[in-house]
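Architecture and fold: a report
Here is how the chains run, residue by residue.
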Amino acid sequence: IKKSIKQGYKFIEIDLLETNDNVFVGVHDWKSFKEKTNFKNNSLKKHEPISYNEFKKLKIYSKFNPIDINKINNIFSTNTELFLLTDKTSNYQKIKRDIKFNQNRLLVEIFGKDNFYKAIKNKINNPIYNYNLGDYKFVNKNKIRIISSNINNILNNREEFKKMIKNGIFIFAYSSNNEKFITNNIGKLFTHVYTDFWDIKKFQCTVKSDLCT
């Protein structure tokens, strides 16, 4: 996160899950988190959440500090130009309650039509509807202004995405670190792209592997 801020990123995605004592933490899924932190507790299944106290003691790859909601609030309160994107949780009431910085700078990715209506009911300011095939009419009917979609969905349905771009819809494509793909399609098939290893100052992928394809 610090590196992303230093490089000049303005949109940062952090997945949020709850510990077993209901604290939001930056975790994609508990199984991979436990593997990356070498967490051992035979009383818990691989996908079960751990406690907040256990979480605070861990290091990712024996090096990086995991992030919790307190650190997130501090970072985004201090860096007022940053926008937080998050998903994995549909506990929208807790999001509204626990996010302490300006929630106009919060974008919440929503999976499923029912969850979209739930997010609106809970007054999520900037819901990002995760777009699947066949959702074009739903997006238009509900006047959805921000969507996210898998790159393969976008490439296989170019005309739909071109129409949505013309209609002023913001489209977040996930994920790419490929220079040709990004430069050829930004502003045409999507407006934003999720990336893991893209240096926006040097305009290049920062790792030498197939992750740049």
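Residue indices begin from 1 for each chain and proceed along its sequence in written order. The model is predicted, so local features are restricted to residues of pLDDT at least 70 and side-chain atom pairs to those at 80 or more, both for listing and for counting; the totals for chains, interfaces and linings are taken over all residues. Only hydrogens and water are set aside when side-chain values are computed; all heavy atoms of the structure are taken into account.

Some words on the packing of aromatic side chains
Two aromatic rings, drawn from Phe, Tyr or Trp (for Trp, its six-membered ring), form a pair once their centres lie within 6.5 Å of each other, and the interplanar angle then sorts them: stacked below 30 degrees, edge-to-face above 60, tilted otherwise. The full count for this structure, using the stated rule, is 14 aromatic pairs. Note on Phe116 and Tyr129: the rings are 5.9 Å apart at their centroids and 80° apart in plane angle, and the pair reads as edge-to-face. One end of the pair, Phe116, is in helix α6 (residues 113-121); the other, Tyr129, is in strand β6 (residues 127-130), and 13 residues separate them in sequence. In this structure, Phe116 and Tyr129 share a single accessibility class: buried. The interplanar angle of 85° and the centroid separation of 6.0 Å between the aromatic rings of Tyr174 and Tyr194 together place this pair among those described as edge-to-face. With Tyr174 in strand β8 (residues 170-174) and Tyr194 in the loop between β9 (192-193) and β10 (198-199), the pair connects residues that are 20 residues apart, well separated along the chain. Taken together, the aromatic side chains of Phe11, Phe83, Phe172, Tyr174 and Tyr194 make up a single cluster linked through ring pairs. Taking NZ or CZ as reference, Lys94 lies 5.2 Å from the ring centre of Phe24, over its face. Sitting over the ring of Phe138, Lys113 keeps its end group 5.1 Å from the ring centre. Secondary structure follows DSSP: runs of H or I at least 4 residues long count as helices, runs of E at least 2 residues long count as strands, and numbering of each begins at the N terminus. Exposure is judged per residue with a 1.4 Å probe applied to protein chains only, and the accessible area is read against the type maximum: over 50% gives exposed, under 20% gives buried, and values in between give partly exposed. Either the NZ atom of lysine or the CZ atom of arginine qualifies as a charge over a ring when it sits within 6 Å of the ring centre and within 35 degrees of the ring normal.

Some points on the layout of surface pockets
Cavities and pockets are defined on a 1 Å grid built over the protein atoms alone: a cavity is a set of grid points where a 1.4 Å probe fits but cannot escape, while a pocket is an open set with protein on both sides within 12 Å along at least five of seven lines, and lining residues are those with an atom within 4 Å of any such point. Grid points are joined across faces, edges and corners, and a volume is the space filled by probe spheres set on the points. Computed from the structure, the second largest pocket encloses a volume of approximately 220 Å³. Every residue lining the second largest pocket is listed: Lys31, Lys34, Glu35, Asn38, Phe39, Lys40, Asn41, Asn42, Leu44 and Lys46.

Concerning helix α4 (residues 69-78)
Where α4 is concerned, the buried positions are Ile69, Ile72, Asn73, Ile75 and Phe76. Buried residues of α4, viewed axially, fall in a sector of 165°; they line one side. The inward-facing, buried residues of α4 abut α1 (2-7), β1 (11-13), β2 (16-18), β3 (24-26), β4 (83-86) and α5 (92-98). Contacts described as polar in this section are N or O atom pairs within 3.5 Å, which, within protein, must combine one atom able to donate a hydrogen with one able to accept it, while residues neighboring in sequence count only if both atoms come from side chains. The opening residue of α4, the one whose side-chain oxygen lies 3.1 Å from the backbone nitrogen of Asn70, is Asp68. This arc is built from the directions going out from the helix axis to the C-beta atoms. The contact rule is simple, with two residues in contact once any of their heavy atoms fall within 4.5 Å.

Observations regarding the pattern of salt bridges
Whenever Lys or Arg places a side-chain nitrogen within 4 Å of a carboxyl oxygen from Asp or Glu, that contact is recorded as a salt bridge. In this structure the tally under the stated criterion is eight salt bridges. One salt bridge in this structure joins Glu81 and Lys10, with 3.9 Å as the shortest N-O distance. A residue pair is termed long-range when its members are at least 10 positions apart, and Glu81 in the loop between α4 and β4 and Lys10 in the loop between α1 and β1 qualify at 71 residues. Residue classification places Glu81 among the partly exposed positions, given a relative accessible area of 34%. Lys10 sits in the partly exposed class, given a relative accessible area of 38%. A salt bridge links Asp135 to Lys113, with the shortest nitrogen-to-oxygen separation between them at 3.0 Å. Placement of Asp135 in the loop between β6 and α7 (136-141) and of Lys113 in helix α6 is noted, with a sequence separation of 22 residues between them.

A short note on the environment of Arg105
Assignment of secondary structure puts Arg105 in the loop between α5 and β5 (106-110). Here Arg105 falls in the buried class, since its relative accessible area comes to 10%. In this structure, the C-alpha to C-alpha distance between Arg105 and Phe138, residues 33 residues apart in sequence, is 25 Å. Aside from chain neighbours lying at most four places away, what touches Arg105 is Phe76, Asn79, Thr80, Leu82, Phe83 and Leu84. Here Leu82 takes part through its backbone oxygen, which lies 2.7 Å from a polar atom of the side chain of Arg105.

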